Amino acid sequence: MKENIAKEGFNSKIGAIAAAAGSAVGLGNVWRFPYVLGQNGGAAFLLVYVLFMLLIALPVLMSEFSIGRKAGLPVLGAFQTLAPGKKWYLIGFAGVLCAFVILFYYNIVSGWTLMYAYLSATGQLASLDESQINQTFEQSSQDPVTCIFWMVLMLGATGFVVARGVEKGIEQYSKILMPILLILIIVVCIRSLTLDGASDGISFLLSPDFSKLTPRALFEALGQAFFSLSIGMGTMTTYGSYISKKQNLPQAALSVALLDFFIAFLCGLMIFPCAFAFGINPGQGAGLVFVTLPNIFNKMAMGQIFSVVFFLLLVVAALTSSISLLEVVVTFVKSQFGLKRRMSTLVSSITIGILGIGCAVSPTLFDFFDKISANVLLPLGAFFIVLFIPLRLGKKAVREEMEANGTPFKLFNVYYFLTKYIVPLAILLIFTNSILSWMGYGLFD
Ligand code: PHE
């Protein structure tokens, strides 16, 4: 089975890792990271985020890769094979639920991205001042018909690719297109950093004010780290099963995490200097990227072309992530209800679309699904995934898997300690603390 999957999709050595990176890098980096960071006080949040990435998210990613590659099967099968007759496979079910919930609102944001490509192409964003740019976002994002129209287009495109099982083709394109997006992000960053008044944005991002570190900020940093790396729901376990035994697994996980962080950080550097230069509130929420970016493009030579290309590439980044999410749901529906791939894509997409309409009509619902999936479902999933390592797989087996290519993993003991104690404890503590703080007993308020 594994051989087939490997042959079908990932002939090149780095194919599986590029695909994992494609799932990780998406709207989570460009849209979600700046908005959550902006709402949680900037630099201090960034520092916590880096710590959580290294000490919590990276061990989870390594664990998911190891479980997947050891079993050689996608997430459900992986847990069923490695722990036959036990309840661990429920992690796979929870992952399906989570993918489903994320898709309700992810497609709306993808839709906004496509809409912005269209608005720039038709010149509707050029020469607007900052308040008109703000108005454009407010009007369009609060108009259900507009939101639903663009959401359905993106959902349709995702469904089309998944139904035909051609996601590997998309991955081939995205290997060329994603580096171009990265270059564009760097160029936009430079323009943003050289705007008059950019320095306040730079200090917002880089000089920490620890009084802003509320329990909520910790909770959100943890959720964002999981969301951005696509961990805690088994997607990366599945990608792990595609990674060849010849690959250095810890290094693969480290590269995906570093790339993902680097892109998120660059997006911070792109958004905040401009937001401050134009007097945009950094804590305004989910619209932040959309009310900030057009201002930078308007200050660039050939800004309109730049803007169209930028948003289109962002659509591709969103697509590779939403394909990896829909694939999880479709595979599940297919196997549970015995449907053909096309039928199960249709059923899944229609259900997601209907709930997506709910999110398009109600910002409260949008926010609820966004927060519950990233901050609650993913950390809970990750909690059980890391527990699987000491409780079921065992130290020796994980070590063998991580070193299967013959290269010793020097930091294995650090990894194992983090996975067995620190990660589960940290998740529990951060959860308890935020629940207490909601109830009015915050430990670190
Ligand atoms: N990591 C993706 C992003 O940054 C979102 C995602 C989450 C994809 C979980 C798959 C699974 O956009």
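All residue numbers refer to position in the chain's written sequence, counted from 1. Given that the model is predicted, a residue must reach a pLDDT of at least 70 before its local features are reported, and side-chain atom pairs must reach 80 or more before they are shown or counted; all residues, however, enter totals for whole chains, interfaces and linings. Note: side-chain values were computed over all heavy atoms of the structure, leaving out hydrogens and water.

**Section: the overall build of the protein chain**
In plain terms, the rule: By the criteria applied, helices consist of DSSP H or I runs no shorter than four residues and strands consist of E runs no shorter than two, each listed in order from the N terminus. Note on contacts: a residue pair is in contact if any heavy atoms of the two residues lie within 4.5 Å. Accessible areas in this description were obtained via Shrake-Rupley with a 1.4 Å probe; residue shielding takes into account the shown protein chains only. All tallies of charge rest on Lys and Arg as positive and Asp and Glu as negative; His and the ends of each chain are not included. Where a charge lies is defined by one atom per residue type, namely NZ (Lys), CZ (Arg), CG (Asp) and CD (Glu).
When you go through the protein chain residue by residue, the secondary structure sums to 19 helices and zero strands. Along the three orthogonal principal directions, the C-alpha set of the protein chain runs to about 60 × 50 × 40 Å. Contacts spanning at least 24 positions in sequence make up 83% of the contacts within the protein chain whose residues lie at least 6 apart. Entry remark: accessible area of the protein chain is about 18,100 Å², with carbon and sulfur atoms responsible for 67%. Within the protein chain, the 21 negative side-chain charges are centred at a point lying 15 Å from the centre of the 28 positive side-chain charges.

**Re the site of the ligand**
The condition is simple: We call a residue near a molecule or strand whenever a single non-hydrogen atom of that residue lies within 4 Å of it. Definition of a polar contact: a pair of N or O atoms within 3.5 Å, with one able to donate and the other able to accept a hydrogen when the atoms are protein atoms, and with sequence-neighbouring residues admitted only if both atoms are side-chain atoms. Each residue receives one of three labels: charged for Asp, Glu, Lys and Arg, nonpolar for Ala, Val, Leu, Ile, Met, Phe, Trp, Tyr, Cys and Pro, and polar for the others, Gly being one of them.
Residues in contact with the ligand amount to 15 residues; listed here are only the nearest, Ala-24, Gly-28, Tyr-106, Phe-227 and Ser-230. In the environment of the ligand, an oxygen atom lies 3.5 Å from a nitrogen or oxygen atom belonging to the side chain of Asn-29. The contact in question runs from a nitrogen atom of the ligand to an N or O atom on the side chain of Ser-230, over 3.0 Å. In isolation the ligand offers 330 Å² of accessible surface; the protein chains occlude 100% of this area. Among the elements of the structure, α2 (15-24), α3 (27-39), α11 (215-229) and α15 (303-337) are those that each provide at least two residues to the shell around the ligand. Grouping the amino acids of the shell around the ligand by side-chain chemistry returns six nonpolar, nine polar and no charged.

**Some remarks on the state of the cysteines**
Rule in force here: Disulfides are defined as cysteine sulfur pairs within 2.5 Å.
Counted according to the given criterion, the structure contains zero disulfides. Free of any disulfide, Cys-189 has its nearest neighbouring cysteine sulfur in Cys-267, separated by 7.4 Å. No disulfide involves Cys-274; its sulfur sits 11 Å from the nearest other cysteine sulfur, which is in Cys-189.

**Considering the confidence of the model for the protein chain**
Rule in force here: Every residue is assigned a pLDDT by the predictor, reflecting its confidence on a scale from 0 to 100.
Overall, the predicted model of the protein chain reaches an average pLDDT of 92, with 96% of residues at or above 70. Contacts for the low-pLDDT stretch residues 1-9, under 50 throughout, to residues beyond four places or in other chains number eleven contacts.

**A few points about the packing of helix α9 (residues 167-193) against helix α14 (residues 288-298)**
Between two packed helices, the angle of one axis relative to the other and the distance separating the axes together describe the packing. Selection rule: All axes here are fitted lines through C-alpha atoms, helices being fitted over the stretch that makes contact, and every angle between N-to-C directions spans 0 to 180 degrees. What sets the label is the angle itself: under 35 degrees gives roughly parallel, over 145 gives roughly antiparallel, 65 to 115 gives roughly perpendicular, and the rest give oblique.
Remark: α9 packs on α14, axes separated minimally by 10 Å, with the N-to-C direction vectors making an angle of 80°. Judged by the inter-axis angle, α9 sits roughly perpendicular to α14. Together, Val-188, Arg-191 and Ser-192 of α9 and Leu-293, Ile-296 and Phe-297 of α14 make up the contact between the two elements. Residue composition of the contact of α9 with α14, grouped by class: four nonpolar, one polar and one charged.

**Some thoughts on a nonpolar patch on the surface**
The line we're drawing: Every patch collects residues that have over 30% relative accessible area and no salt bridge, joining them within 9 Å if they carry like charges and within 5 Å if they are nonpolar side chains (Val, Leu, Ile, Met, Phe, Trp, Tyr). One speaks of a salt bridge when a side-chain nitrogen belonging to Lys or Arg is within 4 Å of a carboxyl oxygen belonging to Asp or Glu. Only protein chains enter the calculation, and the probe is 1.4 Å; a residue is then buried if its accessible area is under 20% of its type maximum, exposed if over 50%, and partly exposed in between.
Taken together, the side chains of Met-343, Leu-346, Val-347, Ile-350 and Ile-354 present a nonpolar region at the surface, about 460 Å² in accessible area. Residue class for Ile-350 comes out partly exposed when judged on its relative accessible area of 48%.

**Notes on the pattern of salt bridges**
The tally for this structure, following the rule as stated, stands at nine salt bridges. Residues Lys-212 and Asp-209 are paired through a salt bridge, measuring 3.8 Å at the closest nitrogen-oxygen approach. Exposure remark for Lys-212: the relative accessible area of 37% places this residue in the partly exposed category. Note on Asp-209: relative accessible area 32%, which makes it partly exposed. Arg-341 is paired through a salt bridge with Glu-327; the nearest N and O atoms lie 2.8 Å apart. Here Arg-341 is found in helix α16 (residues 341-361), whereas its partner Glu-327 is found in helix α15, with 14 residues between them in sequence. Judged by its relative accessible area of 18%, Glu-327 falls in the buried class.

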